[in-house]
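Next come the chains, spelled out residue by residue.
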Amino acid sequence: MTGREEIVLRYRCEMTSFLFGLCGLARRIAAWFFMFLFRIDLSRTRLRFGGALLVFVLPLLAGGWIIHSNYMQDLKADSSASAHKARTLLEAMLDHAEQANRSVLPLVNAPCDENLLVLRKKVAIEPFLRSVNLVRDGIISCTSLFGAVSDADDRSIYTGNKLLLMSGNRVRQNHPLIVVRTEQGRNAALSAIDSTQLSFMLAMSSDASELYLQVGSAWIDESGHHQNQPPRLHSKTRLELSSHRYPFAIHAGYAMPLYWHSLWEARHLALLWLAGTSVLLALLVWWVLGRPGSPTDELRRGLLAGEFVPYLQPLMASKDDRMVGAEVLMRWQHPSSGLIRPDLF
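Predicted model only: the values in this text are computed from it and were never measured.

Colleague: Before we go on, may I ask you to explain the environment of Val179 in this structure?
Modeller: If you trace the backbone, Val179 turns up in strand β5 (residues 177-184). Placed 10 residues apart in sequence, Val179 and Ala189 show a C-alpha to C-alpha distance of 9.9 Å. Residues in contact with Val179, not counting those within four places in the same chain, are Tyr158, Lys162, Leu163, Leu164, Met166, Leu190, Ser191 and Ala192.

Here it is, written out as structure tokens:
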């Protein structure tokens, strides 16, 4: 046995002795307190059960609250780390899209036939990009997917005139993407990033918490699902981290069913130890409260509880069988031992 193991074993033995001594002291204090103030006999079955139940519940609640609070702090730290990592990765992805936009903006006034190869080459070379589009005088005039087009460009739907999280487009419906907008007067360049890249970024940033990307009123989760309602995350572990460079926010946290499952997975040994310790303490209190006290303590308790009952035994005259008096004999109506004769106490 190593020195560290000896220290741990000695500490456990000392803690066990301390708990037994503390329990005995608590029993004596509680017994005297109730006995003198309320004349309550803790050795009665109902009161023993109530005391044992109280000793079981109080440590369980206090210990459960401590475990819950500590785990909450760990989850908040995990959520914060995941959100910061996701924000950094997403900002790097948007930087690539922004850089691609700035490189093709000078081509906006050139014919689309001349720009098409450049746009498609930009999509092939630059990471994360799905398409690059050019806007001239408020009209989308050229795209890397379809070539020359003439679609209206509504800049008001972009969050901060910079980002738009879409649920899909003409090429792939119900397949989200995020569009990065870079303006130059009435002209603009639009770069789209596929939801596959976004969900991969969120999944890679998260260890156990759930991550969501919010752009305006649109959301996307780690699975790439688009939604227009805020996610239902545990309020105590929920964290919102906004970007200072782009108009988006990362939300991290745990859903309630996932939280309780993760709490059990991470702290099941502590919870089992707490439950077992509470049961042992309750059994110990049940046993201690049922133990007989010293004769002096028992007599004092019986007097305070009014357990001594007088019995009158008549005295008869031997000549005429006339009752000439009575002898008072005391009996002890003990709660657990029944009626006790005076010669026994």
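Colleague: How do you make sense of the pairing of strand β7 (residues 210-215) when you look at a structure like this?
Modeller: Residues in a regular strand point their side chains to alternate faces of the sheet. β7 sits mainly inside the fold: five of its six residues count as buried. With five bridges joining them, β7 and strand β11 (residues 249-253) adopt antiparallel strand pairing. Its bridge partner lying in β11, Gln214 is registered against Ala249. Inspection of the sheet shows β7 paired to strand β8 (residues 218-221) by four bridges, in the antiparallel sense. If you follow Leu213 over to β8, its bridge partner there is Ile220. The hairpin turn running from β7 into β8, its antiparallel successor, is two residues long, and Gly216 in that turn takes a positive phi close to 65 degrees.

Colleague: Help me understand the sheet that holds strand β1 (residues 129-136), please; the structure alone is not making it clear to me.
Modeller: Either a parallel or an antiparallel arrangement is found when strands of a sheet pair, and the pairing is made through backbone hydrogen bonds. Taken in spatial order, the six strands make up an open sheet running β3-β2-β1-β6-β5-β4, and their pairing is antiparallel. Of all the strands in the sheet, just β3 (147-152) and β4 (163-166) have a single pairing partner and so form its edges. Across the sheet, the axes of successive neighbouring strands diverge by a mean angle of 25 degrees, strand direction being ignored. In this structure, β5 lies alongside strand β6 (residues 187-194), joined through eight bridges in antiparallel fashion. Across the sheet, the residue bridging to Val180 is Ser191, located in β6. Taken strand by strand, helix α3 (residues 112-125) contacts β1, β2 (139-143) and β3, and its axis lies near 150 degrees from that of β1.

Colleague: Explain the sheet that holds β8 to me, please; I cannot follow it from the model alone.
Modeller: The five strands are arranged β9-β8-β7-β11-β10 in an open sheet whose pairing can be described as antiparallel. If you trace the sheet from one side to the other, it starts and ends with β9 (226-227) and β10 (239-242), each paired once. The pairing of β10 with β11 spans four bridges and is antiparallel. Looking at β11, one finds that Ser242 is bridged to Ala249.

Colleague: Where do I start with a nonpolar patch on the surface in this structure?
Modeller: A surface patch of nonpolar side chains, about 470 Å² in accessible area, is lined by Phe49, Leu53, Val57, Leu61 and Trp286. At four residues, the largest contribution of residues to the nonpolar patch is made by helix α2 (residues 45-104). With respect to the helices and strands, Phe49 occurs in helix α2.

Colleague: Just to check I follow, could you spell out the side chain of Ser199 for this structure?
Modeller: Counting through the fold element by element, Ser199 comes out in helix α4 (residues 195-205). Once residues lying within four places of it in the same chain are set aside, the contact partners of Ser199 are Asp221, Glu222, Ser223 and Gly224.

Colleague: Can you help me understand the pattern of salt bridges in this one?
Modeller: Should their charged atoms come close, side chains of opposite charge can pair. Counted under the stated rule, the structure contains nine salt bridges. Salt-bridge contacts for Glu98 lead to Lys162; the nearest nitrogen and oxygen are separated by 3.1 Å. With Glu98 in helix α2 and Lys162 in the loop between β3 and β4, the pair connects residues that are 64 residues apart, well separated along the chain. There is no split in this pair, since Glu98 and Lys162 are both buried. When the shortest N-O distance is used, the salt bridge between Glu183 and Arg181 registers 2.8 Å. Look at Arg181 and you get buried, because its relative accessible area is 4%. What emerges from the salt-bridge pattern is a single network uniting Asp153, Arg155, Arg181 and Glu183.

About the thresholds
Within every chain, residues take consecutive numbers counted from 1 along the sequence as written. Where totals are concerned, whole chains, interfaces and linings use all residues; where local detail is concerned, this predicted model gives features only for residues with pLDDT of at least 70, and gives and counts side-chain atom pairs only at 80 or more. Working from all heavy atoms in the structure, the side-chain values ignore hydrogens and water. Counting from the N terminus, the helices are the DSSP runs of H or I reaching at least four residues and the strands are the DSSP runs of E reaching at least two. Contacts are assigned to residue pairs with any non-hydrogen atoms lying within 4.5 Å of each other. Buried residues are those whose accessible area, probed at 1.4 Å on protein chains only, stays under 20% of the maximum for their type, while exposed residues exceed 50% and partly exposed ones sit between those limits. Paired strands, as defined in this entry, are two strands with at least two bridges between them according to DSSP. Orientation is described by lines fitted to C-alpha atoms, with helices fitted over the stretch in contact, and by angles between N-to-C directions that extend from 0 to 180 degrees. Patch membership needs two things, relative accessible area over 30% and no salt bridge, and members are linked within 9 Å if like-charged or within 5 Å if nonpolar (Val, Leu, Ile, Met, Phe, Trp, Tyr). Areas reported here follow the Shrake-Rupley algorithm with a probe of radius 1.4 Å; residue values treat only the protein chains shown as occluding. Within this document, salt bridges are pairs made up of a side-chain nitrogen of Lys or Arg and a carboxyl oxygen of Asp or Glu, the two lying within 4 Å of each other.

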